[in-house]
Amino acid sequence: MFVQEDKIFAAKVLRVRVCALDGTEWLEEVPEDAAVERLKERCLKRCAPGSLEDPKCITHHKLIHAASEKVLTDTKTVLEENIQDQDVLVLVKKRAPPAPPKMVDISAEEKFQTELRKILVSLIEVAQKLLALNPDAVELFKKANAMLDEDEDDRVDEIALRQLTEMGFPESRAVKALRLNHMSVTQAMEWLIEHSDDPTVDAPLPGQFSLENASVEGVAAPPAQALEGPNQEVGREEPKDELTEIFKKIRRKREFRPDPRAVIALMEMGFDEREVVDALRVNNNQQNAACEWLLGDRKPTPEDLDKGIDPASPLFQAILENPVVQLGLTNPKTLLAFEDMLENPLNSTQWMNDPETGPVMLQISRIFQTLNRT
């Protein structure tokens, strides 16, 4: 009687644990001689029923060996990839390449964003003067400072961090990956795998000196006239001085925060860290624009960013005469919004949608558009 050799020496069946990024986990039995692509198909049938109707679905996903942080090759077998019984595999979707930037004409909105910075610089000075005259100024700004403590951008998503540490990544490295990838678990994990052999993977993020050694360098200080009462000599040790310190704290917390990925990419091109941060600040954290600035005439300069609008201009006069703006300038939250948008323009949408600061920003925009058309 003849017995086929493959039935005598049947491939060993392994039990591996598969994890998807949505938190789903299950045990999958797979023969050692099975191709990784076949295992991936079975995983997709389990966690995403119907997805295999799209032939590109398999190529858009990948399996990662959690212990070695290695991306498995579809054409290799489980045995060739050295998968062992009870190993943990992670199923992730590959990140789509970014779409090429579209070339568009400078719109009215872009012109407004360019002019907005000058408007904000001047409005901040006005708001500081008005608020400093309020007898409850110190208490108001203590509350404002507390609001910033409740909304710190440096916080790490604890759930995302736990997901990465449970996969075996060191906590400090996982925190760095999450900050680099805007708290996206998928992108953070891809970064961790790509840089697992990088000798600088545990180095502190560049561009953070402005946060660690926070200073008010390059930012206009609150006007002395607004912060000092009639008895200037005596006022140095009075609550007015406390208000000055609170102003400084607010400015430090709202200081410009460069995109760490952009800092790394530009420094790899040979630029100094300080000039890279200046370039990103001038160009609102846009890497390509910052690169062009570094290679060009470097105009405008970082110092130009702190220049306000001409106080005698029709635009600024119209803004100050608007009753909604006048009322908003007496609200500490409006000053916080101006400070934040000044150094982090991408946060403008957040303040536009805020019930207290949104009406002020809407009036400023409408006044600009009206005068721009005329």
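Residues numbered from 1 in each chain as written. Predicted model: local features only at pLDDT ≥ 70, side-chain atom pairs only at ≥ 80, totals over all residues. Heavy atoms only, no water.

Engineer: Sorry if this is basic, but what is going on with unusual backbone geometry here?
Structural biologist: In the segment running from Lys299 into Pro300, the intervening peptide bond is cis, with an omega of -5°. Relative to the helices and strands, Pro300 is located in the loop between α14 (287-295) and α15 (314-321). Here the phi dihedral of Asn82 falls at roughly 60°; this positive angle occurs in a residue that is not glycine. Following the sequence through the fold, Asn82 ends up in the loop between β4 (70-71) and β5 (88-93). Of note in the backbone geometry, Gln86 takes a positive phi value of approximately 70° without being a glycine. Looking at the element boundaries, Gln86 is found in the loop between β4 and β5. (Helix = DSSP H or I, 4+ residues; strand = E, 2+ residues; numbered from the N terminus.)

Engineer: Is there a simple way to explain the pairing of strand β2 (residues 25-31) in this structure?
Structural biologist: The alternating pattern of β2 places Trp26, Glu28 and Val30 on a buried face and Glu25, Leu27, Glu29 and Pro31 on a face that is not buried. From the end of strand β1 (residues 13-20) to the start of β2, which pair antiparallel, there are four residues, and Gly23 there has a positive phi angle of about 95°. (Buried < 20%, exposed > 50% of the residue type's maximum accessible area, 1.4 Å probe, protein only. Pairing = 2+ DSSP bridges.)

Engineer: How should helix α19 (residues 358-373) be read in this particular structure?
Structural biologist: Taking 1.5 Å per residue as the helical rise, α19 with its 16 residues ought to reach 22 Å, and the 23 Å between its terminal C-alpha atoms agrees with that figure. Within α19, burial applies to Gly358, Val360, Met361, Gln363, Ile364, Ser365, Ile367, Phe368 and Gln369. (Expected span 1.5 Å × (residues − 1).)

Engineer: Explain the environment of Leu123 here, please?
Structural biologist: Here Leu123 is to be found in helix α3 (residues 108-132). Each C-alpha atom of the pair Leu123 and Leu329 lies 8.0 Å from the other, and the pair is 206 residues apart in sequence. Sequence-distant contacts of Leu123, that is, excluding residues within four places in its chain, are made with Phe316, Ile319, Leu320, Leu329, Phe338 and Ile364. (Contact = heavy atoms within 4.5 Å.)

Engineer: How should I be thinking about the side chain of Ser122 in this particular structure?
Structural biologist: In this structure, Ser122 sits in helix α3. When its relative accessible area of 9% is taken as the criterion, Ser122 is described as buried. For Ser122, the contacting residues outside a window of four places in its chain are Gly308, Ile309 and Phe316.

Engineer: How do you make sense of the environment of Val121 when you look at a structure like this?
Structural biologist: For Val121, the position within the fold is in helix α3. In this structure the C-alpha to C-alpha distance between Val121 and Phe338, which are 217 residues apart in sequence, comes to 8.0 Å. If near-sequence neighbours (up to four positions away) are discounted, Val121 is found in contact with Leu305, Asp306, Lys307, Gly308 and Leu342.

Engineer: Would you take a moment to explain the pairing of β1 for this structure?
Structural biologist: Every other side chain in a regular strand lies on the same face of the sheet, so the side chains alternate between the two faces. One ladder, built from seven bridges, connects β1 with β2; its direction is antiparallel. Following the sheet pairing, Leu14 is matched in β2 by Val30. Sheet analysis places β1 next to β5, joined by four bridges and oriented parallel. Its bridge partner lying in β5, Arg17 is registered against Val88.

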